[in-house]
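# Architecture and fold: a report
Now for the letters of each chain:
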Amino acid sequence: MAQSIIDTLKEEHKMVLSELAELSEKGTSNRERKYSTMKESLLPHLVGEEKVLYPRTREEPEMRDISLEGIEEHGAVKTLLSQLDSASTAEEDVWVAKMRVIQENVAHHIREEEDQLFPAMQKKMSSDELSTLNTRYEDAKKAVLPVAPR
């Protein structure tokens, strides 16, 4: 049986929370590389949810509000990331403070998805639909991944 979009998202949530936790600590080595790696996993995740998950969950009255809020939370995280992109890692205190705000926002967003949205999806959608959404989600992510040089 194909994997459910819920399982995929939960796996990705764990990974990004771990990456954010490390980046939110002072004294992290290879900060720029780790930040870049985190963004390479987070940004396609956001796009995949926006293109596949939220359009479907917004159709359901019991999921509409949490979906709309999720879209807004994505926008806030993207704004914070763009601010961090232009911040100097040389000023570690400032950089880490910005990263902690991102970490808090993402953790809040994940809690809402996992505690409210995912259970509603499991009630409303068949396992076939959840695996079809997963396939579409993975395709949406691939469309935004940077192409490796040949």
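As a reminder, the structure under discussion sits directly above these lines.
We now turn to the structure provided with this report. (Residues numbered from 1 in each chain as written. Predicted model: local features only at pLDDT ≥ 70, side-chain atom pairs only at ≥ 80, totals over all residues. Heavy atoms only, no water.)

The geometry of an aromatic ring pair comes down to the distance between the two centres and the angle between the two planes. Tallied over the full model, the rule gives one aromatic pair. Aromatic pair Y35 and W95: ring centres 5.4 Å apart, planes at 80 degrees, arrangement edge-to-face. Separated by 60 residues along the polypeptide, Y35 in helix α2 (residues 31–57) and W95 in helix α4 (residues 92–124) bring together distant segments of the chain. An identical accessibility class is assigned to Y35 and W95; each is buried. (Phe/Tyr/Trp six-rings, centres within 6.5 Å; stacked < 30°, edge-to-face > 60°. Helix = DSSP H or I, 4+ residues; strand = E, 2+ residues; numbered from the N terminus. Buried < 20%, exposed > 50% of the residue type's maximum accessible area, 1.4 Å probe, protein only.)

Relative to the helices and strands, V96 resides in helix α4. Residue classification places V96 among the buried residues on the basis of a relative accessible area of 1%. If near-sequence neighbours (up to four positions away) are discounted, V96 is found in contact with L23, S24, E25, K26 and R31. (Contact = heavy atoms within 4.5 Å.)

What follows deals with the nonpolar core. As a rule of thumb, soluble globular proteins bury nonpolar side chains together. Counting residues in hydrophobic clusters, the biggest one holds 18 residues, and the most contacted among them are Y35, M38, W95, M99 and I102. Excluding anything up to four places from it in sequence, W95 contacts L23, R31, Y35, L84, A87, S88 and T89. Grouped together as the second largest cluster of nonpolar side chains are 17 residues, I6, M63, A120 and Y137 included. (Core = buried A, V, L, I, M, F, W, Y, C linked by side-chain atoms within 4.5 Å.)

Take α4 next. Here α4 contains 33 residues, and its C-alpha end-to-end distance of 46 Å stays within 8% of the 48 Å for a straight helix at 1.5 Å per residue. In the structure, α4 departs most strongly from a straight axis at E113, where the bend amounts to approximately 35 degrees. (Expected span 1.5 Å × (residues − 1). Bend = angle between axes of the 7 residues up to and from the residue.)

Once that is clear, we can look at the pattern of salt bridges. Under the definition given, this model contains 12 salt bridges. Two residues, E50 and K78, come together in a salt bridge whose shortest N-O distance is 3.0 Å. A residue pair is termed long-range when its members are at least 10 positions apart, and E50 in helix α2 and K78 in helix α3 (residues 61–85) qualify at 28 residues. When the shortest N-O distance is used, the salt bridge between E129 and R56 registers 2.4 Å. With E129 in helix α5 (residues 127–144) and R56 in helix α2, this residue pair connects regions lying 73 residues apart in the sequence. On the basis of relative accessibility, which here comes to 24%, the residue E129 falls in the partly exposed class. A network of salt bridges, in which partner residues are shared, links R56, E59, E60, E62, K124 and E129. (Salt bridge = Lys/Arg side-chain N within 4 Å of Asp/Glu carboxyl O.)

It is worth spelling out empty space enclosed by the protein at this point. The full count for this structure, using the stated rule, is two cavities of 30 Å³ or more. Roughly 70 Å³ of volume is contained in the largest cavity. As for the largest cavity, its lining consists of H13, V16, L42, H45, L46, H74, V77, V106, H109, I110 and E113. Taken together, the elements giving at least two residues each to the lining of the largest cavity come down to α1 (5–23), α2, α3 and α4. Considering each element in turn, the lining of the largest cavity owes the most residues, four residues, to α4. Residue composition of the lining of the largest cavity, by class: six nonpolar, four polar and one charged. Within this model, the second largest cavity holds a volume of roughly 40 Å³. Lining the second largest cavity are Y54, I66, G70, E73, H109, E112, E113 and L117. When contributions to the lining of the second largest cavity are tallied by element, the ones reaching two or more residues are α3 and α4. The element that contributes the greatest number of residues to the lining of the second largest cavity is α4, accounting for four residues. (1 Å grid on protein atoms, 1.4 Å probe; cavity = no way out; pocket = protein on both sides within 12 Å on 5 of 7 lines; lining within 4 Å. Points joined across faces, edges and corners; volume = space filled by probe spheres on them. Nonpolar A, V, L, I, M, F, W, Y, C, P; charged D, E, K, R; others polar.)

Read these as spatial facts, not as claims about activity.
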